Amino acid sequence: MKTNSKYKFSLLALFLVFASCEDFLDVNFDPRNPQVAQGFAILPPILSQMARGESFDTRYIGAYTQNWCTRLANNVWDLHGYVAGSDAAGELWRSNYWSIGKNIDLIVDDATAKEQWDYVGAAYGIRAWSWQSTTDYHGEIILKQAWEPNRYVFDYDSQEEVYAEVVRVAEMALENLNKTGGGVAESSLGRGDLVYKGNREKWIKFVNGVLARNANHLSNKASYSPDKVIGFVDKSFASNADNFAIPHAGTNSSDGNFYGPTRNNLANFRPTKFIVSLLDGTVFNGVVDPRIGLMMTASPDGVFRGVTPGKVDSTNVTNDPRRIPTLWGGSPALAASAQPGKYIFTDKADHLIMTYWEMQFIKAEAAFKKGDKTLAFDAFRKGISAHMDFCKVTTANKEAYLSSAALPQSSDALTLSQIMLQKYISMWVAGTIETWVDMRRYHYDPAIYTGFTLPSPLAAGNNDKPAYRVRPRYNSEYVWNLETLNKLGAADLDYHTKEMWFTKP
Amino acid sequence: MKMLSISRNRIGIHQCLWVLVLSFLFMGTAFAQINVTGTVKDENGEALPGVAIQVKGTSTGTVTDIDGMYRISAQPQDILIFTYVGMQPHEVNVNGQSQIDVTMTADVEILSEVIVTALGIKEDRKKLSYSAQSIGGQELQETQRDNAVMGLQGRVAGLSLTPTSGIPGSAVNITLRGVNSIGNSNQPLFVVDGLPINSGTFDQHNLYSDAAGVSGNVNNNRDDIANRVTDLNPADIENITVLKGPEAAALYGNEGANGVILITTKKGKAGVGRLNYNNRFTVSSLNLFPETQTAYGRGLNGAADPNTANYFGAKIPSGTPLYDNIGAFYQNGSNMRHDLSFEGGATNLTYRLSGSYFNANGVIPENNQKQLNVALNLDANLLKNLRGSARINYISNDSKIPPAGALGYLLSVLAYPRTDDITQYLNPDGTRRQTTSLSPASELDNPLFLVNKNKRTDHTNRTLTNISFTYEPLNWFSLTARMGADIYSTLGNRFYHPESVIGNARRGWIENYSDDGRILNGNIFATFKKKISTLNGSLLVGSSVDDRQADINASYGEKFYLPEFNSLNNTDPTTQRDRSNLRRTRLLGAFAKAEISLNDILIFNLTGRNDWSSTLPKSNRSYFYPSAGVTFLLTSLPMFKENDRVLSFAKLRASYAEVGNPAPAYLIQARLAPQPSTGGGFLFDFYGDNPALKPEKVNSYEIGGDFSFFKGRLNADLAWFSKSIEDQIITQRLSYGTGFIFGLLNGGELNTKGWEIQLGGKPFRNNTIDWEINANFTKYSTKVISLPANVNEYYSSDTWVYGNARASAFSPSAILASRFTSANNRYYAPVNDRGAGTATAIGGYSYLRNSKGDILVDPNTGFPLSNNNFLPIGDRNPDFTVGLVNKLSFRKNLSLSFLVDIRKGGDIFNGNEMYLTQTGLSVNTLDREKPFVVKGVLKDGKEESENPTVNAREISRFSSSLYYTTYVQPEDFVEKDINWLRLRDITLKYDFPSSFLQRSRVFKSLGIFVNGTDLLLITNYSGADPYVSSTTPATGGAGGFGFDYGKLSLPKTFSCGLTIGL
């Protein structure tokens, strides 16, 4: 009897354990990290990832465009090469698929349920921008199969399809951004919108800017329509106040500008001879550009110097008066933490994704191609003026430069080269990825880019061809999606020199 | 006679535990009592102290005193059972006698061994259908290692231990029978007195600095953080049983899939109180270093340049004074240890209170570990038939470990110019003295600056408690319940001086973290026994609960106000950041075990377990797995019983087991991770989710046999096993097209097959000399049958410490060969087959070859081309290992024991040598001035033709350092088939004879010993010591063993000390 009751007791104990088992086991959610979130918590880091993707990759691509180069000899990037087996220059890939990637859908899902069409529109606008940047950078990419559940190998789609997708997503963005009612409110979007503080009108302008780029990049194609480009530009930014500028708190390396001294990413980078030649009067008829001292720093002897890609900076010797300062404006002998910072090279400087002056230069180019030189000349001057304002050039200096021998004083004197060179200056480092698109459209033509010379020799694997694309991210694709790459010829050592669809007729 | 019995007493003290073990197996009812007295002697007529005497079927028991005398109350019809380790149990019918003298006969050891198995159940070893090995605590303690587990290497077949480094407070990787999980933990479960405890290692990926990629991030491969097994006090361990396979562990559920290390702590013994004190003093010194050249100074391309960190410069002028920087940096380590315990009690209540303290200074300045360990064991007969025991253990551990690995001390010492005095690490104004004009972030710290100015400390408080009750109301029924709590709190601090390499860019940074963890667990089980004629049956049913959490909070700040003040308050508030993680997992289990023994010849057992895991989707949360075993006791057959002089014992066994493994926490729905970027917020974490996750499935077979010859003079235990794991849960890097960096996959299959042989012999034994040899042979390898999603490779990023080489598991070679076929990535079987299809491969870059295997050379430069794909270039798994333990004792007073450890085969990535080569410090770069032609063929379009162009282009490795800095591949630094023979530990011990102790009238026992560990290493490895791991055990999968980079080898140590019993 006694035994029996003990036995029953133990059975009862077992029963009690399992009866409450469901509750007991329901602890598989992370109490410290959410698994869902609202748009206002997801949008800020997405914006930061836009800046991160561009700036990480500009570090390498800036050498292709000769915005800057390292002070060292034979750096492969300076020679239009790449580092094999490395994720270097693969940051846009990372943000397009992962750090921005599906986070866009999180915003869309949450905001759709709450009828926050402004969030939906902003999210799609960013996705359109991201597809555009990623394909312009890598060429063929994963599009249709992206983010498909239970898929581990991915086919690539043509650049033409990605271009069409940009338009499709941008149109969805515009459709949503144009909606009002429901949960749409400037105060609501403003909670997460570090860039436009919830202003839908500016987001609409941004999406039109993406469409302007999309249409303008096809300038070598028969389907190219300057009117379409000008149409998008006109619906885009109206002044510098509309610039898509991502702010940096700049308190430490996590929230500081990638180009700022705290991040210490640019210690070995110097302006190239080419950019210096555009500002010091070499190219522009001996007129020194008032921006030169605002964008870069002279050597101790007062002369602005740049480096030659692939060649060692021989001035980089202690106490050499010709020693080229860092982009932060200090002597290379100073630790990064002691560097003053300058122009967009400060910890708190905004990252410029898209600007009013870029739009004006796009318009100038399109109008020029269309044959409307008056329109082109007007946009050209607006572009320079806007960038000079951004550089804080005094009005007097700006006017002096605009009316100087550096620039054409009439629409008839305007050349395509002048448009592209002024665009190059204004987008120096702050728009390198887009500058690279331009230079590839013109096949690095020195007739357009006056004074530009490709490094010689080019990197070993290039087979004497300049870079036209960046290989897909190594640790995403070369390691885990190799068979697809083999089909594309992306395993070829000179795949990065293969011309893009958009640059071809 | 008297004197002799006293000397035997000392042995008895250590072995009396079995008294307690056996005193509860049998219960009965009491009637009129008589007092029985008597003496127990051995075959030689010597009194046996400490023999357990039990009234069969009751809890009444006693122990013989030092003269072998006992007194016990019994009833006239009772049966007395006499048990003593090493002797055959002896049963005597009381039959109303009041004087019973007994002579016990020595046992064939294998027959008598009672072994602690799953759930703390004591089993007769001969009945087990799987392989289990038991090591006495004293043997481990005598190895004089502060980490109790380290002494197990070579003593247990199938067990592999690799220390992260040889410094106090470091971690040790433990695996049993190879790799189970390709990416998750393979560390075995540690069970103390029947309940699992935390044996894990703090995962440094939880730190803010690591998550945010702060320079100086650790990835489990720089800071060597100890695993929590270091908290176990070797002096408290009565014995360790190693259950190697899932067969043995079926009752522990998923956690037992990696094997179980069962620790039984010492319990108090009834009788006169005893006090034991041991001490130990150790000196350690490092004698194994990578070699460096001193012929060429700093510079590049043959030209001197004091401002480069490389040594490709001009020859150092002869007569230039060279400093012994290695000697100036490393010091002699010292370590002292004190163990104190006292025990006693009456039959109904025994206690043992122990305390130990050690303080170890490593061979690296500023490296220190201090530990205080206090424990109380209580055992009581609470009521008739109800017995309770409790253990409370408090541990305080302080470790101070300088950063190793990349930017750590080991490489800093090697890279420091020999023409400069390393001890001058400060400028006159107290700031960091540099030897180049490079920025402070580009020049490695002087290691003395590094260890003196940077700090990495942790302090752990831990309390382990365990309470158990056993209720045995009837002789066929018992109920056991246990509850345990393992609660620890670690506070860690990392401090990087603003002038140091790591701290410079951030003007100094500090990270404090706390790791508060607990395991609450318990189990309850009932056993039923039934005997029907020759059939003996038993059934066990029970359930268990396990509730774990770890709460990790890290606080970080940078930009110091004061350069040396170690406080977060000394950092710029705008730079202060936090990271917080709370991991919770819960598991419920219900289990049953049935055993049927047929005439004690054939024994069948079956187990079944159902688990409910919190970490799986609700629909897959419950899963069942069984095991079955059969044991055939050959020598119990009548025909063998007659003839037991040669084959004294033989047993054949076979078993099969399945185990289900749940996932780590929170994986079924993707997490959002906090973002440190401007505006903060959340984005998806690296890890993809898998809402349909299933548990992993382990299937294991084992067959084996135990044999004993010549009455135990020669024993053999053989085991063959095959273990497969399917549906692996892997966080696998995939194309980012998935939307994540890592996908959570559920598939693939690994298989481990192996042999274990244990041989034990007593080649020589008489009254004066006793010689015992035990040999353990282990051979296994883990094959990759398939990887999830059919990927080429799984790799552990923590192990990617230097160059393009990392610990990987690769798909079988046929798959790789079919995928890497182009001229730019060709798989070349003679090189790449090594490691293909194994879970212990080294993945890395190799040279690009043509299909015939010639290295391709760039026609423009004469440099070899590299194959920039991670392909297998080595296999770290040894062919086999052997541990050989010799014990020699002379007149039972003087004993010498030593362990020789042999390893045959297995590859090592010598990352130190690759680093030294790429920086021009390797002695293998001394021939740099000799003309050099890369052996290979030109990649000129003819490389696949009949007559490829043989490279004849001469390169100067002196005037162009590029060959060394850029063109050497990790393939060159995989050292193949590394063997070693090492004297792992040796102990000479003298126990003062009882005649001496009698005269002193103070000591019950007194011994002195000298001991050495890691004194001798014979190896074909060119580096310091292949016995290191680049990562802590927090890195899952096969871990970082075989990656030698920046971690200190084991120093040799000499110890001496006293053991005193009062």
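An account of the accompanying structure is given in this report.

Rules behind the numbers
- Per chain, the residues get numbers from 1 upward, laid out in the order the sequence is written.
- As a convention, the first chain written is A and the first ligand written is 1, with the rest following in written order.
- For this predicted model, a pLDDT threshold of at least 70 governs which residues receive local features, and a threshold of 80 or more governs which side-chain atom pairs are given and counted, while totals over whole chains, interfaces and linings are taken from all residues.
- Hydrogens and water are ignored here; the side-chain numbers use all heavy atoms of the structure.
- Only DSSP runs of H or I with at least four residues qualify as helices, and only runs of E with at least two residues qualify as strands; both kinds are numbered from the N terminus onward.
- Values of the radius of gyration come from C-alpha atoms, whereas the globule rule sets the reference at 2.2 Å times the count of residues to the power 0.38.
- Exposure categories follow from relative accessible area, calculated using a 1.4 Å probe and restricted to protein chains: below 20% of the type maximum is buried, above 50% is exposed, and the middle band is partly exposed.
- We call two residues in contact whenever any of their non-hydrogen atoms come within 4.5 Å of each other.
- Here the accessible surface of atoms and residues is derived via Shrake-Rupley with a 1.4 Å probe, and residues count as covered only by protein chains that are part of the display.
- Only four residue types enter the tally: Lys and Arg on the positive side, Asp and Glu on the negative side; His and the chain ends are excluded.
- Where a charge sits is defined by one atom per residue type, namely NZ (Lys), CZ (Arg), CG (Asp) or CD (Glu).
- Two parts placed together each lose some accessible area; with a 1.4 Å probe, that loss summed over both constitutes the buried area.
- A pair is scored as a salt bridge if a Lys or Arg side-chain nitrogen falls within 4 Å of a carboxyl oxygen belonging to Asp or Glu.
- In the analysis that follows, any N or O atom pair within 3.5 Å is treated as a polar contact, provided that within protein one partner can donate a hydrogen and the other can accept it, and provided that, for residues neighboring in sequence, both atoms belong to side chains.
- Only the stretch in contact is used when fitting a helix axis, every axis being a line fitted to C-alpha atoms; angles between N-to-C directions are given from 0 to 180 degrees.
- By definition in this entry, angles of less than 35 degrees are roughly parallel, angles greater than 145 are roughly antiparallel, angles of 65 to 115 are roughly perpendicular, and the rest are oblique.
- If you view the pair so one helix is near and one far, a crossing is left-handed when the near helix is turned anticlockwise from the far one by less than a right angle, and right-handed when it is turned clockwise.
- When residues are sorted by character, Ala, Val, Leu, Ile, Met, Phe, Trp, Tyr, Cys and Pro go into the nonpolar class, Asp, Glu, Lys and Arg into the charged class, and all the rest, Gly among them, into the polar class.
- Two strands make a pair as long as DSSP finds a minimum of two bridges between them.
- Stacked, tilted and edge-to-face pairs are distinguished by plane angle, under 30 degrees for stacked and over 60 for edge-to-face with tilted covering the rest, among Phe, Tyr and Trp rings (Trp via its six-membered ring) whose centres lie within 6.5 Å.
- Criterion for a charge above a ring: Arg CZ or Lys NZ at most 6 Å from the ring centre, at most 35 degrees from the ring normal.
- Nonpolar cores are built from buried Ala, Val, Leu, Ile, Met, Phe, Trp, Tyr and Cys residues. Side-chain atoms within 4.5 Å join them into one set.

### What to know about the overall build of chain B
- For chain B, the helix and strand inventory stands at 15 helices and 53 strands.
- Relative to the globule expectation of 31 Å for 1062 residues, the C-alpha radius of gyration of chain B, 31 Å, shows essentially globular dimensions.
- Its C-alpha atoms give chain B principal-axis dimensions of roughly 100 × 60 × 60 Å.
- Residues classed as buried in chain B amount to 62% of the 1062 residues present.
- Within chain B, contacts between residues at least 6 apart in sequence are counted, and of these 71% link residues at least 24 apart.
- As displayed, chain B offers around 37,100 Å² of accessible surface, 57% of which is attributable to carbon and sulfur atoms.
- The centroid of the 100 positive side-chain charges in chain B is displaced by 3 Å from the centroid of its 97 negative side-chain charges.

### Focus: the interface of chain A and chain B
- Between chain A and chain B, the contact holds 78 residues from the first and 86 residues from the second.
- Summed over both sides, the interface of chain A with chain B buries roughly 6,900 Å², with 59% coming from carbon and sulfur.
- When the buried area of chain A at its contact with chain B is split by residue, A:Arg32, A:Trp98 and A:Trp480 rank highest and sum to 12% of it.
- Connecting chain A to chain B are six salt bridges.
- A:Asp30 serves as the salt-bridge partner of B:Arg671, at 2.9 Å between the closest nitrogen and oxygen.
- Of all the secondary-structure elements, those providing two or more residues to the side of chain A that touches chain B are helix H1 (2-19), helix H2 (21-25), helix H3 (39-64), helix H4 (91-99), helix H5 (103-113), helix H18 (474-478) and helix H19 (482-488) of chain A.

### Here we look at the side chain of B:Thr527
All names here are of chain B.
- Mapping Thr-527 onto the fold places it in strand E26 (residues 509-532).
- With a relative accessible area of 19%, Thr-527 lands in the buried category.
- Of the polar contacts made by the side chain of Thr-527, one reaches the side chain of Ser-478; its length is 2.5 Å.
- Look past the residues within four positions of Thr-527 in its chain and what remains in contact with it is Trp-476, Phe-477, Ser-478, Leu-539 and Leu-540.

### Regarding the pattern of salt bridges
All names here are of chain B.
- All chains considered together, the criterion is met by 81 salt bridges over all chains.
- As a salt-bridge pair, Glu-944 and Arg-826 come within 3.4 Å of each other at their nearest N and O atoms. In this pair, Glu-944 is assigned in the loop between strand E47 (937-938) and strand E48 (954-955) and Arg-826 in the loop between helix H11 (813-819) and helix H12 (829-832), connecting sequence segments 118 residues apart.
- Take Glu-944: its relative accessible area is 39%, and that puts it in the partly exposed class.
- Where Arg-834 meets Asp-907, a salt bridge forms, and the shortest distance between an N and an O atom there is 2.5 Å. Of this pair, Arg-834 sits in the loop between H12 and strand E40 (841-847) while Asp-907 sits in the loop between strand E44 (894-904) and strand E45 (908-910), placing them 73 residues apart in sequence.

### Structural notes on the packing of H5(A) against helix H6 (residues 117-138) of chain A
Residues and elements named next belong to chain A.
- As a packed pair, H5 and H6 sit with axes 8 Å apart at the nearest point and diverge in direction by 160 degrees. When the axis of H5 is compared with that of H6, the two are roughly antiparallel. When the axes of H5 and H6 are compared, the crossing they make is left-handed. Mapping the contact onto sequence places Ile-104, Asp-105, Ile-107, Val-108, Ala-111 and Thr-112 in H5 and Trp-117, Tyr-119, Val-120, Ala-123, Tyr-124, Ile-126 and Arg-127 in H6.
- Partitioned by chemical class, the residues of the contact of H5 with H6 number ten nonpolar, one polar and two charged.

### Remarks on the side chain of A:Thr503
- Position of A:Thr503 among the secondary structure elements: in the segment after H19.
- Every residue in contact with A:Thr503, bar those within four places of it in the chain, is listed here: A:Asn220, A:Arg440, A:Arg441, A:His443 and A:Tyr468.

### Considerations on the sheet that holds strand E38 (residues 793-795) of chain B
All names here are of chain B.
- As summarised here, the arrangement of the four strands in space is E38-E39-E40-E42, forming an open sheet in which the pairing is antiparallel. At either end of the open sheet lies a strand with only one pairing partner, and these are E38 and strand E42 (866-875). Across the sheet, the axes of successive neighbouring strands diverge by a mean angle of 50 degrees, strand direction being ignored.
- Where E40 meets E42, six bridges bridge the pair, whose relative direction is antiparallel. Considered in E42, the bridge of Ala-841 is made with Asp-875.

### Considering the pairing of strand E21 (residues 349-361) of chain B
All names here are of chain B.
- Where strand E20 (residues 333-346) and E21 come together, 13 bridges link them in antiparallel fashion. Within E21, the residue paired with Phe-342 across the bridge is Leu-353.
- Hairpin connection from E20 to E21: two residues lie between these consecutive antiparallel strands.
- Of the pairings in the sheet, the one linking E21 to strand E22 (residues 368-383) comprises 13 bridges and is antiparallel in character. The residue of E22 that forms the bridge with Phe-358 is Gln-371.
- A loop of six residues connects E21 with E22, the two strands running antiparallel in sequence, and Glu-366 in this loop sits at a positive phi of about 75 degrees.

### Digging into H4(A)
- When you tally the buried positions in H4(A), you get nine out of nine residues, the bulk of the element.
- Looking at the packing, one finds that the buried side of H4(A) touches H3, H5, H6, helix H17 (432-441) and H18 of chain A together with strand E33 (682-684) of chain B.

### Quick notes on the sheet that holds strand E16 (residues 260-265) of chain B
Residues and elements named next belong to chain B.
- Pairing is mixed in the open sheet, where five strands are placed in the order E10-E15-E16-E13-E14. The open sheet has two edge strands with one neighbour each: strand E10 (132-136) and strand E14 (195-197). The sheet shows a mean angle of 30 degrees between the axes of neighbouring strands, direction not considered.
- Relative to E16, strand E13 (residues 189-192) runs parallel, the two sharing four bridges. In the strand pairing of E16, Val-192 is matched with Ile-263.

### Overview of the packing of aromatic side chains
Residues and elements named next belong to chain A.
- Applying the stated rule across the entire model yields 70 aromatic pairs over all chains.
- A ring pair is formed by Tyr-60 and Trp-77, whose centres lie 4.7 Å apart and whose planes are at 45 degrees; its orientation type is tilted. Of this pair, Tyr-60 sits in helix H3 while Trp-77 sits in the loop between strand E1 (68-70) and H4; the two residues are 17 residues apart in sequence, bridging distant segments of the chain. Each of the two residues, Tyr-60 as well as Trp-77, counts as buried.
- Centre to centre, the rings of Tyr-163 and Phe-502 are 6.4 Å apart; their planes meet at 25 degrees, and the pair counts as stacked. Highlighted residues: Tyr-163 in helix H7 (residues 159-177) and Phe-502 in the segment after H19, separated in sequence by 339 residues. Phe-502 carries the same exposure label as Tyr-163, and that label is buried.
- Three or more aromatic residues joined by ring pairs make a cluster, and in this case those are Phe-56, Trp-68, Phe-258, Tyr-259, Phe-269, Tyr-343, Phe-345, Trp-357, Phe-390 and Trp-428.
- Seen from the ring of Trp-436, Arg-440 lies directly overhead, with NZ or CZ sitting 3.6 Å from the centre.

### Here we look at the nonpolar core
- With 197 residues, the main nonpolar core has A:Leu47, A:Met50, A:Trp203, A:Phe206, A:Phe244, A:Phe345 and A:Tyr449 as its most contacted residues.
- Excluding its chain neighbours within four sequence positions, the residues that come into contact with A:Leu47 are A:Ile126, A:Gly192, A:Asp193, A:Leu194, A:Val195, A:Trp203, A:Phe244 and A:Ile246.
- Core analysis: the next-biggest nonpolar cluster, separate from the first, contains 50 residues, B:Phe312, B:Ala415, B:Leu450 and B:Tyr915 among them.

### Here we look at the environment of B:Phe932
Residue and element names in this part refer to chain B.
- Looking at the secondary structure, you find Phe-932 in strand E46 (residues 932-933).
- Along the backbone, Phe-932 and Glu-954 are 22 residues apart, and their C-alpha atoms lie at a distance of 5.5 Å.
- Among all residues touching Phe-932, those that are not within four sequence positions of it are Arg-953, Glu-954, Ile-955, Arg-957 and Tyr-963.

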